[in-house]
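Each chain, letter by letter, is given below.
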Amino acid sequence: ADLHEHQVAVSFTDLQKDVNGIYTAKDAAQRAHSILDERLMSESNESVNAESFHKVMAAWAYSLDDSAPQQVEKLLKTLEKSNMVTDDSYHWVIETLARSNPEDRLDDIHHYFNKMDRLSLRTVRTLLFSYRKVVRQNRLEAEPLMHRALGLFEKVRSNFKETGRPEDEPDAKLYTDGTFE
């Protein structure tokens, strides 16, 4: 598992401190969701913030459950109504859709990607991951998705030139993530 997945798992463990009886990733996501719902229903829900939602969204993304996209999109709507939506909120929706059935949800993935205020290499990698999954299912999509990937690479390069931030610098992994088998 990469460092990011480990960090999500550690954060998720913090969220579910004394949870017993979790046997699958879906169980973990359901339990995290119910804890969030309990916190939202309590009179003092000041401990609930966007990060609380993101931890539950991450749990759904990694659950690979068929209902995960709907669960995460519901959480996003709640965040939007509460004016707590961030780029990370959109990232977790994209991550969930990419891990489920991206060939059916590619338009939705692009919709959420285009809502982001700041370009994130993590999300670009997730988008490229979804492209690879689509191409594995349908080779006819390779050429149009290759052109989209090239457009993403150009956006990443120009974003780095503009910001100069080390976290925005494209690396070899980004380009290998954009290759289709």
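Described below are features of the structure shown in this document. (Residues numbered from 1 in each chain as written. Predicted model: local features only at pLDDT ≥ 70, side-chain atom pairs only at ≥ 80, totals over all residues. Heavy atoms only, no water.)

Further remarks concern the overall build of the protein. Scanning the protein from terminus to terminus reveals nine helices and zero strands. When its helices and strands are written in sequence order, the protein yields α-α-α-α-α-α-α-α-α. Burial analysis of the protein (181 residues in total) assigns 44% to the buried set. The contacts of the protein with a sequence gap of at least 6 include a subset with a gap of at least 24, amounting to 61%. Total accessible area on the protein is roughly 10,300 Å²; 49% of this is exposed by carbon and sulfur atoms. (Helix = DSSP H or I, 4+ residues; strand = E, 2+ residues; numbered from the N terminus. Buried < 20%, exposed > 50% of the residue type's maximum accessible area, 1.4 Å probe, protein only. Contact = heavy atoms within 4.5 Å. Areas by Shrake-Rupley, 256 points an atom, 1.4 Å probe, with all protein chains shown as cover.)

A separate point is unusual backbone geometry. For Leu64, which is not glycine, the phi torsion reads 60° and is therefore positive. Relative to the helices and strands, Leu64 is located in the loop between α3 (50–63) and α4 (68–81). A relative accessible area of 55% places Leu64 in the exposed class. Look at Asn83: it is not a glycine, yet its phi comes out positive at around 55°. Checked against the element boundaries, Asn83 lands in the loop between α4 and α5 (87–99). For Asn83, a relative accessible area of 71% puts it in the exposed group.

Right, let's get into the packing of α4 against helix α6 (residues 102–115). Two elements in contact, α4 and α6, have axes separated by 14 Å at closest approach and are oriented at 25°. It follows from the interaxial angle that α4 and α6 lie roughly parallel. Of the two possible hands of crossing, α4 and α6 adopt the one that is left-handed. Contacts from Pro69, Glu73, Leu76 and Glu80 in α4 reach Arg105, Tyr112 and Lys115 in α6. Looking at the contact of α4 with α6, its residues break down into three nonpolar, no polar and four charged. (Axes fitted to C-alpha atoms, helices over the stretch in contact; angles between N-to-C directions. Parallel < 35°, antiparallel > 145°, perpendicular 65-115°, else oblique. Left-handed = near helix turned anticlockwise from the far one by under 90°. Nonpolar A, V, L, I, M, F, W, Y, C, P; charged D, E, K, R; others polar.)

Following the criterion strictly, the structure yields 16 salt bridges and no others. Of the charged contacts in the structure, one is a salt bridge between Lys26 and Asp65, with a shortest N-O distance of 3.6 Å. Of this pair, Lys26 sits in helix α2 (residues 25–41) while Asp65 is found in the loop between α3 and α4, placing the two residues 39 residues apart along the sequence. A residue is classified by how much of its surface remains accessible, and Lys26, at 33% relative accessible area, is partly exposed. Between Asp108 and Arg105 there is a salt bridge whose closest N-O contact spans 2.5 Å. With a gap of three residues between them, Asp108 and Arg105 both fall in helix α6, about one helical turn apart. Put simply, Arg118, Arg165, Glu167 and Asp168 are held in one network by salt bridges that share partners. (Salt bridge = Lys/Arg side-chain N within 4 Å of Asp/Glu carboxyl O.)

Relative accessible area serves as the criterion here: at 16%, Arg105 is assigned to the buried category. Here the side chain of Arg105 touches Glu73 through a polar contact of 2.6 Å, side chain to side chain. In contact with Arg105, other than residues within four places in its own chain, are Pro69, Glu73 and Leu97. (Polar contact = N/O pair within 3.5 Å; in protein donor to acceptor, adjacent residues only side chain to side chain.)

Within the largest apolar cluster, 42 residues are counted, with the highest numbers of intra-cluster contacts made by Met57, Phe113, Val124, Leu128 and Tyr131. Listing elements by their share of this core, those giving two or more residues are α2, α3, α4, α5, α6, α7 (121–137) and α8 (142–163). Among the elements that take part in this core, α3 stands out by supplying eight residues, more than any other. Once residues lying within four places of it in the same chain are set aside, the contact partners of Tyr131 are Leu106, His110, Leu145, Arg148, Ala149, Leu152 and Phe180. (Core = buried A, V, L, I, M, F, W, Y, C linked by side-chain atoms within 4.5 Å.)

Keep in mind that these numbers describe shape and distance, not what the molecule does.
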